[in-house]
Amino acid sequence: MNIKLITVGKLKEDYLRNACSEYIKRLSRYCTFELYETDECRLSDNPSEKEISAALEKEADKILKLAKGLIIPLCIEGKQYTSPELSRIISEAGVDGFSCITFIIGSSYGLSSRVKAAGNIMLSMSKMTFPHQLARVMLLEQIYRAFGIAGGSKYHK
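These numbers were taken from a predicted model, which means no experiment stands behind them. (Residues numbered from 1 in each chain as written. Predicted model: local features only at pLDDT ≥ 70, side-chain atom pairs only at ≥ 80, totals over all residues. Heavy atoms only, no water.)

Visitor: Would you explain the overall build of the protein chain in this entry?
Guide: Tallying secondary structure elements over the protein chain gives five helices and four strands in all. In terms of overall size, the protein chain behaves like a compact globule, its C-alpha atoms giving a radius of gyration of 15 Å where 157 residues would be expected to give roughly 15 Å. Along the three orthogonal principal directions, the C-alpha set of the protein chain runs to about 50 × 35 × 25 Å. In the protein chain, which comprises 157 residues, the share counted as buried stands at 41%. The long-range fraction of contacts in the protein chain, counting pairs at least 24 apart against all pairs at least 6 apart in sequence, stands at 84%. Entry remark: accessible area of the protein chain is about 8800 Å², with carbon and sulfur atoms responsible for 51%. Positive and negative charge centroids in the protein chain, built from 22 and 18 side chains respectively, lie 5 Å apart. (Helix = DSSP H or I, 4+ residues; strand = E, 2+ residues; numbered from the N terminus. Rg over C-alpha atoms; globule rule 2.2 N^0.38 Å. Buried < 20%, exposed > 50% of the residue type's maximum accessible area, 1.4 Å probe, protein only. Contact = heavy atoms within 4.5 Å. Areas by Shrake-Rupley, 256 points an atom, 1.4 Å probe, with all protein chains shown as cover. Lys, Arg positive; Asp, Glu negative; His and termini not counted. Charge placed at Lys NZ, Arg CZ, Asp CG, Glu CD.)

See the structure below:
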């Protein structure tokens with residue numbers, strides 16, 4: 001299985017980069033993993049809705065060129081899944097004809113409606129708000145956990 005993670009923006013903190021690196025290393029036992037960090041559009045200090053919308057559309061152009069397979073954008077409108085449910089989604093993707101799963105994390109302003117519409121499944125990590133950098137670590141851990149669940153690992157309790 002190929003897993004692709006497309007993010008808007010780069011990780012700034014070493015501890016978050018280290019955590020992501022650890023989960024990416026662990027994932028190499030289960031899948032081919034690719035990380036794409038696209039540039040976040042620069043906005044004014046107090047951007048208007050129009051400026052935000054234009055930025056999201058520019059970011060969407062970059063994201064949609066990279067996205068393929070089963071596309072799963074993370075957004076507040078998405079559905080919350082348990083870890084076993086996410087494991088089932090990942091495990092069944094191949095049976096459903098997908099050789100690649102693309103997860104997408106947007107900027108602090110979210111994702112364009114075009115990206116959400118391109119998604120096969122919209123995923124919400126929680127009703128709470130998290131920094132996008134932390135959401136990346138959390139998602140990588142959940143993908144790793146999903147493979148562990150599917151393989152019967154004792155990692156998931």
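Picking up where we left off.
Visitor: Can you walk me through helix H1 (residues 14-27) in this structure?
Guide: Structural remark: α-helix, 3.6 residues per turn; residues separated by three or four positions point the same way. For H1, which comprises 14 residues, the first-to-last C-alpha distance of 20 Å matches the rise-based estimate of 20 Å (1.5 Å per residue) to within 8%. Residues of H1 that are buried include every one of Leu16, Cys20, Tyr23 and Leu27, and no others. Down the axis of H1, the buried side of the element spans an arc of 65°, and every buried residue falls inside it. Looking at H1, the residues exposed on the side facing more than 90 degrees away from the buried face are Tyr15, Asn18 and Lys25. (Expected span 1.5 Å × (residues − 1). Arc of directions from axis to C-beta.)

Visitor: I would appreciate a short explanation of the sheet that holds strand E2 (residues 32-38) in the present structure.
Guide: Two modes of strand pairing occur in sheets, parallel and antiparallel, and in both the strands are linked by backbone hydrogen bonds. Here four strands make up an open sheet; going across it, the order is E2-E1-E4-E3 and the pairing parallel. Since the sheet does not close on itself, it has two edges, and those belong to E2 and strand E3 (70-79), each with one partner. The average undirected angle you get between the axes of adjacent strands in this sheet is 20°. Of the strand pairs in this sheet, strand E1 (residues 2-8) and E2 are connected by seven bridges, and their pairing is parallel. Each residue of the ladder has a partner; that of Ile3, found in E2, is Phe33. Across the sheet, helix H3 (residues 83-95) lies against E3 and strand E4 (100-105), angled at about 135° from E4, the strand it touches most. (Pairing = 2+ DSSP bridges. Axes fitted to C-alpha atoms, helices over the stretch in contact; angles between N-to-C directions.)

Visitor: Help me out: how do you make sense of the pairing of E1 in this one?
Guide: Residues in a regular strand project their side chains so that they alternate between the two faces of the sheet. Burial within E1 is extensive, with six of its seven residues counted as buried. Bridge count between E1 and E4: six bridges; the pairing is parallel. If you follow Ile3 over to E4, its bridge partner there is Ile101.

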